[in-house]
Every structure is written in C-alpha cells, then in structure tokens.
Amino acid sequence: MTSDNQKRVVIKIGSSSLTSSSGDISRRKIQRITDQVAELKDDGHEVVLVSSGAVAAGYRTLGFVNRPSSLPEKQAAAAIGQGRLIETYSELFTSHGYAASQILITRSDFSDETRYNNVRNTINVLLERGIVPIVNENDTVTTDRLRFGDNDTLSAKVAGLVDSDQLVILSDIDGLYNDDPRKNPDAELLKEVTEITREIEDMAGEPGSAVGTGGMRSKIDAFKISMASGIPSFLGRAGVKDIIVEAVNETARGTYFELAKIDVNLDRKRQWIAFNSGPEGEILIDKKAKDIIVNEKGNLQPSHIYQINGYFKKGSVVRILDVDNNKLGLGVVNYSSKDLEQFQLNQSDQKPEAAINNESFVCELDVALPLGV
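Residues numbered from 1 in each chain as written. Predicted model: local features only at pLDDT ≥ 70, side-chain atom pairs only at ≥ 80, totals over all residues. Heavy atoms only, no water.

**A word on the pairing of strand S5 (residues 166-171)**
1) Next: Of all 6 residues in S5, 6 are buried, a share of seventy percent or more.
2) Next: A two-sided burial pattern is seen for S5, the buried positions comprising Gln 166, Val 168 and Leu 170 on one face and Leu 167, Ile 169 and Ser 171 on the other.
3) Next: Bridging between strand S1 (residues 8-13) and S5 involves 5 bridges; their strand directions are parallel. Among the inter-strand pairings, Val 10 is bridged to a residue of S5, identified as Leu 167.
4) Next: The sheet contact formed by S5 and strand S7 (residues 233-237) spans 5 bridges and is parallel. Within the sheet, the bridge partner assigned to Leu 170 lies in S7 and is Gly 236. (Buried < 20%, exposed > 50% of the residue type's maximum accessible area, 1.4 Å probe, protein only. Helix = DSSP H or I, 4+ residues; strand = E, 2+ residues; numbered from the N terminus. Pairing = 2+ DSSP bridges.)

Written as structure tokens, this is what we have:
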C-alpha cells in the first residue's frame, strides 16, 4: 500500500458465518460483511475476501434437508451455490459503489508456479482497479487429492500470494482460548500469540460447526503459514458488530497472531516452494552435503546425491532428506531425475551447475513448519 495507515487485507469468512440457523445463506449476514468491507475501502484499504458458503448456498435447491456428505452431491450443490453466493455479494457491493469479482481456484493452481503467478497477477490488477476479489475453492471440480482441505489454509496462502499486510479469519468463536469455552466457563481468551508452540497446538480442538469444515486446528495451521510469511493475523467472532473494521484497526476482541521475531524471511519464491509447490520427488544426501546446504548455506552439487526417488523434471520442487530419511527441506532442482541418475553412473562427467541452488532451498529445520501444507 502507499500509506502506513492503509493496508492490503485478506479476510476469510467461514460457512457458519454466512448461514442462518436453518442452514440457508443469510443475506443479512452477507450484508453485514459487505458493509464493513465497503467502509474499509472507503478508508483506502484493499480487501480480498476468501468466502466459503457455496455448498451451503446450493444444497437445499437440490432437495437435501441436510448438508450432503458425498463428493458428487457437494459438487452439485456448489455448482448451484457459487452463482447464488457471488450474485448476492455483487448486488450488495454494487449498492456501495464497488464491484466484486469471483476467483475459483484449486490446489493445482498453486502447485504450478506459472499458474500461481497468473493468479497473483490477476488479483493485483483487480485490487489496483478498486475491485473486491472474492476467492473460493472450485468445489465443483476439485477432488480430495487436489483440495486445500479448508478455506483457512487457502486464506493464508492467498495472503502470502498477494503480499497482504494482514490476514483476518472470522469464525463462530471469539479467538483462541486456553481451553474449550463451550465446556469450561473459566477458559481464558489469548489476546496475543507470538509463537505457535506445541502447547498452542494442543489448545486447538476439532471442528465445532456442522456447516463448516475447518476447526481451530486448521486455523492454527493457517496462522503458521501467515506468520512464517511475516503477515500479522487475527482471529475473531464474525457476528460481533464492526469486527472486520476493528480487526484491521487492531482494536477488536480476539486473538492477534504475530511473530515477536522473524527469524526466517520467506520471499515470494520461497513461500511458493514451502507452502504451495507439492514435492514431485526426493533426493537423499550425505552428512557432508547436509552441512553444506543447511549450515554453510551453500549449493547442493550433483556429487552430493547418493539416492534419487521418483521422476521429476528440471525446475521441479523436490524434498531433501538425509541418510536416515530425516526431512531437511525443499528445493528446486536444476536437473531432471534422469540427468541426475546419469551423472551418478558417470561421476567423472561432473557438470558445473549445482543440483540445487541454496537460494531456492527452504530448510525445514530453520522454518520449523510443516512445509508443503
């Protein structure tokens, strides 16, 4: 953004925050969201919405009383609901003088670097033109193998994709508690989290809503990604008056997630490698090579490799392991698996280029995160 007071914000809205008690999409709830987003835009902020709700918006039209469970039924419901959802958003944003756009993506759009950059460029143009991009997973065509898993994870990845200044995740709970507040009335709200420890992870429960698919665990995983990308984040209750505006102004009741110290600076390329690429193979290296690439920050040479697993092309992302199969990190290879195997057969014909340049290596030991989420 051009001003310290103006932000580029990614806001994630879950299904439970968009539906009525009967399970239908609530126009009143969507209006409450669009009113706040319009207020932010009036103040000069840029906003990307990651909105669930397509299945919830469409399953009753198919004649289901309850949310369907099978993949084909969900996809059919989403085919109906996606149109209804974006139409409602568009009408309400138009009433404020703003236009909305729809972006439907799958995990494969993020795992391919060219498509990843295309999505980024598209969203940037929309934001520069004052449009509100509304992002959702393309549930009508996505299979389990290509799913993000939940829109919490998607929102964190979108926040990194567009270099967001803040990620806001709205749910049906006030924030992260040290215990389940629905079971323990003495549970305390954590107002600030500067590091996601094992103890923090243990506080996360299972999905608490019959409408949505993401629980507190998925939100914690999402905040791992956003925090590693250096993006301050917030978790709060969607139904609270002016929650979005107050979250952006950092006055809302909820939990703020921000690293006290950023030890790892993941640029755009390394964010893509770490969180979006999906490794296509594995390379096992010896102890000397491990020291070179992890501790000395050097390049991995072809001669350092003693085992190659899988088939991959030049430019693919591979997982790097030591001789004991401990995961070290991810990197982009300068050779195909075939070329590396050929080099192993003829060690005297060493090629000058490194197998993996350290600039494209993301070390799992440094980041201490589940890379490739």
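**Some words on the UniProt feature "binding site: ATP" (unreviewed entry) in the protein**
1) Next: Annotation from UniProt places "binding site: ATP" (unreviewed entry) at Lys 12, Ser 171, Asp 172, Thr 213, Gly 214, Gly 215, Met 216, Arg 217, Ser 218 and Lys 219.
2) Next: You can see Lys 12 is positioned in strand S1.
3) Next: Other than its neighbours up to four places away in sequence, Lys 12 contacts Val 50, Ser 52, Asn 151, Asp 152, Ser 155, Val 168, Ile 169, Leu 170 and Lys 219. (UniProt positions renumbered as here; feature names shortened; annotations may be inferred. Contact = heavy atoms within 4.5 Å.)

**What about the packing of helix H1 (residues 27-42) against helix H3 (residues 71-94)?**
1) Next: Between H1 and H3, whose axes approach to 9 Å, the crossing angle comes to 50°. In terms of orientation, H1 lies oblique with respect to H3. For the crossing formed where H1 meets H3, the hand is right-handed. Contacts between H1 and H3 involve Arg 27, Ile 30, Gln 31, Thr 34, Val 37 and Ala 38 on the former and, on the latter, Leu 85, Thr 88, Tyr 89, Glu 91, Leu 92 and Phe 93.
2) Next: Residues that form the contact of H1 with H3 fall into these classes: 7 nonpolar, 3 polar and 2 charged. (Axes fitted to C-alpha atoms, helices over the stretch in contact; angles between N-to-C directions. Parallel < 35°, antiparallel > 145°, perpendicular 65-115°, else oblique. Left-handed = near helix turned anticlockwise from the far one by under 90°. Nonpolar A, V, L, I, M, F, W, Y, C, P; charged D, E, K, R; others polar.)

**Examining helix H8 (residues 216-228)**
1) Next: Relative to the 18 Å expected for 13 residues at 1.5 Å per residue, H8 spans 18 Å between its end C-alpha atoms, a close match to the ideal helical length.
2) Next: Taking burial as the measure, the 13 residues of H8 include 11 buried ones, the bulk of the element.
3) Next: Met 216, Ser 218, Lys 219, Ile 220, Ala 222, Phe 223, Lys 224, Ile 225, Ser 226, Met 227 and Ala 228 are the residues of H8 that are buried.
4) Next: At the exit of H8 stands Gly 230, carrying a positive phi of roughly 75°. (Expected span 1.5 Å × (residues − 1).)

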